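Each chain, letter by letter, is given below.
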Amino acid sequence: MITLEGVTKTYRMGRIEVPALQGIDLHVGRGDFVAIMGASGSGKSTLMNIIGCLDVPTSGRYILDDTDVAKLGDDQLARIRNRKIGFVFQSYNLIPRTTALHNVEMPLVYAGEGGRTARAREALSAVGLADRVNHQPTELSGGQQQRAAIARALVTNPAILLADEPTGNLDTDSSVEIMRLLSRLNTEQSRTIVLITHEQDIAHFASRVVELRDGRIVRDERTAA
Amino acid sequence: MNLYEALRMAANGLLANRTRSALTMLGILIGVTAVILLVAVGNGASVQINNQVQSLGANVIYVYPANARGSGGVSQGFGTAQSLTQADVDALNSKQQDPDVVAAIPIAQSGGQITFGNQNYFAPTTGTTPDFPQVRDYQLAEGSFFTADDVTARHRVVVLGQTVVDNLFGSTDPVGQTIKISRQSFRVIGVFAQKGGSGLGSQDNVVVAPITAVWAYLTGARGKVISQIVASASSASTVTQAETEITTILLDRHQISDPTQADFQLQSQQDILNQATSISTALTLVLGAIAGISLVVGGIGIMNIMLVTVTERTREIGIRKAIGARRRDILTQFLIEAMVLSGLGGALGIAVGALLAQEAPKISALATSGFPTPVVSPTSVVLAFGVSVAIGLFFGIYPANRAARLHPIEALRYE
Ligand SMILES: Nc1ncnc2c1ncn2[C@@H]1O[C@H](COP(=O)(O)OP(=O)(O)OP(=O)(O)O)[C@@H](O)[C@H]1O
Ligand SMILES: [Mg+2]
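Everything quoted here is computed from the prediction, not taken from an experiment.

The rules behind each value
- Residues numbered from 1 in each chain as written.
- Chains lettered and ligands numbered in written order.
- Predicted model: local features only at pLDDT ≥ 70, side-chain atom pairs only at ≥ 80, totals over all residues.
- Heavy atoms only, no water.
- Pairing = 2+ DSSP bridges.
- Helix = DSSP H or I, 4+ residues; strand = E, 2+ residues; numbered from the N terminus.
- Axes fitted to C-alpha atoms, helices over the stretch in contact; angles between N-to-C directions.
- Contact = heavy atoms within 4.5 Å.
- Buried area = accessible area lost by both parts, 1.4 Å probe.
- Salt bridge = Lys/Arg side-chain N within 4 Å of Asp/Glu carboxyl O.
- Polar contact = N/O pair within 3.5 Å; in protein donor to acceptor, adjacent residues only side chain to side chain.
- Nonpolar A, V, L, I, M, F, W, Y, C, P; charged D, E, K, R; others polar.
- Near = heavy atom within 4 Å.
- Areas by Shrake-Rupley, 256 points an atom, 1.4 Å probe, with all protein chains shown as cover.
- Core = buried A, V, L, I, M, F, W, Y, C linked by side-chain atoms within 4.5 Å.
- Buried < 20%, exposed > 50% of the residue type's maximum accessible area, 1.4 Å probe, protein only.
- Parallel < 35°, antiparallel > 145°, perpendicular 65-115°, else oblique.
- Left-handed = near helix turned anticlockwise from the far one by under 90°.

J.: Hey, could you run me through the sheet that holds strand S6 (residues 85-88) of chain A in this one?
T.: Two orientations exist for strands paired in a sheet by backbone hydrogen bonds: parallel and antiparallel. All names here are of chain A. A sheet is described by the order of its strands in space; here 6 strands give the open sequence S6-S7-S8-S3-S9-S10, paired in mixed fashion. Looking at the sheet topology across the chains shown, the edges are occupied by S6 and strand S10 (216-222). With direction set aside, neighbouring strand axes in the sheet form an average angle of 15 degrees. Of the pairings in the sheet, the one linking strand S9 (residues 208-213) to S10 comprises 6 bridges and is antiparallel in character. Bridged to Arg208 within S10 is Arg222.

Right, here's the structure in full:
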């Protein structure tokens, strides 16, 4: 479902070139739960952004569900982000001054789909926030905000869930709670999950660990969950 | 994304910064208020002018002498030639060829100081014939008008307008009194009823005498000049026919075959009205344009604030893009926000402008100065609202486009 072949990404800062990814070959199949690990600056977020169609590779190919993403325009990329991919960020990234319900509805608004309120409520119930639908982000705890963000990522029923250090700002209890939620989504709904983390404990929830160093994959192994 | 969602997003965005939104709206509000108010004053002025022209009478036709246009095509204004005669007036009154002309009177104008006792007053003296009250639609309040005999005998009698009476006589009854016009004695035999109409060319500032007496005692060396003929058509609807008849008679009498060479010019109330309308329309446009400048300033305010908003909400834009907003979704969101700002400001501006226009006549200083009563026209309301929304659109495009073109990653990283 996700196939990267010789993907590189080079940032240009004036005259200096920063090679963030230097030849990534990676295949992620349907229902995989991959944890990406690596030191800070090793290129994890860069890789994630490319997988999530937020950015395009400098060279190499990225095939998503038989489509070569390099050939797509802005609007088509937006459509893929809307339909096929759900994002969860370290800093939650809920829209301020907007209730959890409206935040979760947002992807459906851009998808132009109906039954938004019912579907958003359903997604919020699924992450255990049924009683917090009318709370604004500032009225939710970090763990609750992250669960609302997961509900937003799931509301369009995407095949892939991308999470960049989703537990990075959370305490251990909330982290475990979030990871159990993700595991369940993987095992019960066989959603493909790609997760970035620094912590070995968090990586244990995944069934496969990919380690990056200086923009290259140095380890890729399945773990006994 | 439908309109409801877009409006809800816009409302959210605007409510997040109430003070700032209100101040930005104020810019447009003031601009629209100015447009509504100044255009209303312009409209009021044209209504006032129209009423004044209307008071001349809808069926009145003025005939002025004019130099025949020379080969150079240069026409010299009214009254520079002496082409109209008493015989022309008689011909127009014969009703043989002009059934639609009820009466025609000659007019001879003379300036001059008028005195009564130790009171002085300046007013033009009009020499004419007994049909004057009928043609110019004057009623007598007191006394009587002069007769054909007075004209034949060059009697020095006058009928006065109310303004002249007020200025010369105070509480004295003017009828029977003798006044002096350019040191010649004239006896007052009647007073016109008030006609109304104020300012320039008031209908009540008149002194009317037999034309023969004016020629004999006042115009002196200039001779028997007729400065204009005033004719009345049987009704407003026969003015055009009457004009044709008058033209035919006068061309025939002056032995002119080519109408473009005519040595006289006709002017009906409609002609004056047309001229007045084009002047007042220009006035309204100028006033509107001046007010329009403040609208543009308001528009720049919107652009400024929208640019700030877009910068402040860069991260939000990144989030929206990450969850699937297309460029056009972001563009629409910020455009609608700008248009709601300007449209709301415009609507409030219309309300304030209309209120001020309604209250203005109640300010006594304005009421007594003859300031026109502002007239808010539905067109200017619709136009002002449309323009203010359009201003939001125009000045919102640049900031909204900036938002729409943000790169999702860079937007998400923005602190
Ligand atoms: N917009 C950018 N411009 C220039 N260089 C960048 C940019 N984004 C990332 N980089 C560089 O690319 C490299 C990889 O960055 P990336 O964000 O992918 O690291 P990471 O593995 O996610 O690190 P962390 O664990 O700290 O989040 C880094 O050296 C970083 O400095
Ligand atoms: Mg990172």
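Still more ground to cover, so stick around.
J.: I'm lost on the interface of chain B and chain A in this one. Help?
T.: A common measure of how large an interface is: the accessible area buried when the components associate. Residue-level contacts link 26 residues of chain B with 25 residues of chain A. For the pairing of chain B and chain A, the buried interface totals around 2,300 Å² over both sides, and the portion due to carbon and sulfur atoms is 54%. It is B:Ile319, B:Ile323 and B:Ile409 that lose the most area in chain B upon contact with chain A, and together they represent 24% of the buried surface on that side. On inspection of chain B and its partner chain A, the count reaches 4 salt bridges. Summed over the shared surface of chain B and chain A, the result is 8 residue pairs in polar contact (both at pLDDT 80 or more). Secondary-structure elements contributing two or more residues to the side of chain B that touches chain A are helix H1 (3-16), helix H10 (314-322), helix H11 (327-359) and helix H14 (408-413) of chain B. Top contributing element to the side of chain B that touches chain A by residue count: H10(B), with 6 residues. By residue class, the composition of the side of chain B that touches chain A is 10 nonpolar, 5 polar and 11 charged.

J.: In this structure, what is going on with the site of ligand 1? I would like to understand it.
T.: Close to ligand 1 lie 15 residues, the nearest being A:Ser40, A:Gly41, A:Lys44, A:Ser45 and A:Thr46. Near ligand 1, residues from chains A and B are present, making the site a shared one. Take A:Gly43: an N or O atom from its main chain is 3.0 Å from an oxygen atom of ligand 1. Separating an oxygen atom of ligand 1 from a side-chain N or O atom of A:His198 is a distance of 3.3 Å. Relative to its free-state accessible area of 630 Å², ligand 1 is covered by the protein chains to the extent of 69%. Broken down by secondary-structure element, the contributors of at least two residues to the shell around ligand 1 are strand S1 (2-13), strand S2 (16-28) and helix H1 (44-51) of chain A. Here the element with the most residues in the shell around ligand 1 is H1(A); it accounts for 3 residues.

J.: Would you explain the side chain of A:Thr3 in this entry?
T.: Its location among the elements puts A:Thr3 in strand S1. Those residues within four positions of A:Thr3 in sequence are excluded, and the remaining contacts are A:Leu26, A:His27, A:Arg61, A:Tyr62 and A:Ile63.

J.: Looking at this model, I keep getting lost on the nonpolar core. Mind explaining?
T.: Soluble globular proteins: nonpolar side chains tend toward being buried together. All names here are of chain B. With 68 residues, the main nonpolar core has Val158, Leu160 and Ile179 as its most contacted residues. Every residue in contact with Val158, bar those within four places of it in the chain, is listed here: Ile179, Ile181, Phe186, Arg187, Val188, Ile189, Gly190, Val207, Val208 and Ala209. Core analysis: the next-biggest nonpolar cluster, separate from the first, contains 67 residues, Ile317, Ile323, Ile391 and Ala403 among them.

J.: In this structure, what is going on with the side chain of A:Asn103? I would like to understand it.
T.: Residue and element names in this part refer to chain A. Among the structural elements, Asn103 can be located in helix H3 (residues 100-111). A distance of 3.1 Å separates a polar side-chain atom of Asn103 from the backbone oxygen of Thr98. Beyond its immediate sequence surroundings of up to four residues, Asn103 is in contact with Leu94, Ile95, Thr98, Pro137 and Arg152.

J.: Please clarify how the pattern of salt bridges should be interpreted in this entry.
T.: Taken as a whole and judged by the stated rule, the model has 29 salt bridges over all chains. For B:Asp329, the salt bridge identified is with B:Arg326, shortest N-O distance 3.2 Å. A relative accessible area of 3% means that B:Asp329 is categorised as buried. One salt-bridge network, held together by shared partners, links A:Glu5, A:Arg61, A:Asp68 and A:Lys71.

J.: Would you mind going over H3(A) with me for this structure?
T.: Residue and element names in this part refer to chain A. Most of H3 sits out of view: 11 of its 12 residues are buried. Among all positions of H3, only Ala100, Leu101, Asn103, Val104, Glu105, Met106, Pro107, Leu108, Val109, Tyr110 and Ala111 are buried. Downstream of H3 by one or two residues, Gly112 has phi in the positive range, about 70 degrees.

J.: How do you make sense of the packing of H1(B) against H11(B) when you look at a structure like this?
T.: Angle between the axes and distance between the axes: these two values describe a pair of packed helices. Residues and elements named next belong to chain B. Look at H1 against H11: their axes get within 9 Å of each other, and the N-to-C directions meet at 65 degrees. Here H1 is positioned roughly perpendicular relative to H11, judged by the angle of their axes. Every pair of crossing elements has a handedness; the one defined by H1 and H11 is right-handed. Every residue of H11 that contacts H1 at Leu3, Ala6, Leu7, Met9, Ala10, Gly13 and Leu14 is listed here: Gln333, Ile336, Glu337, Val340 and Leu341. Here the residues of the contact of H1 with H11 sort into 9 nonpolar, 2 polar and 1 charged.

J.: Help me understand the pairing of strand S8 (residues 178-181) of chain B, please; the structure alone is not making it clear to me.
T.: Strand residues, when the strand is regular, have side chains that alternate between the two faces of the sheet. Residues and elements named next belong to chain B. Of the two faces of S8, only the one carrying Ile179 and Ile181 is buried; Thr178 and Lys180 on the other face are not. Of the pairings in the sheet, the one linking strand S3 (residues 113-116) to S8 comprises 2 bridges and is antiparallel in character. Bridge pairing in S8 places Thr115 opposite Lys180. Inspection of the sheet shows S8 paired to strand S9 (residues 184-192) by 4 bridges, in the antiparallel sense. When the bridges of S9 are listed, Lys180 appears paired with Ser185. Taking the residues between adjacent antiparallel strands as the criterion, S8 and S9 are bridged by 2 residues, where Ser182 takes a positive phi near 45 degrees.

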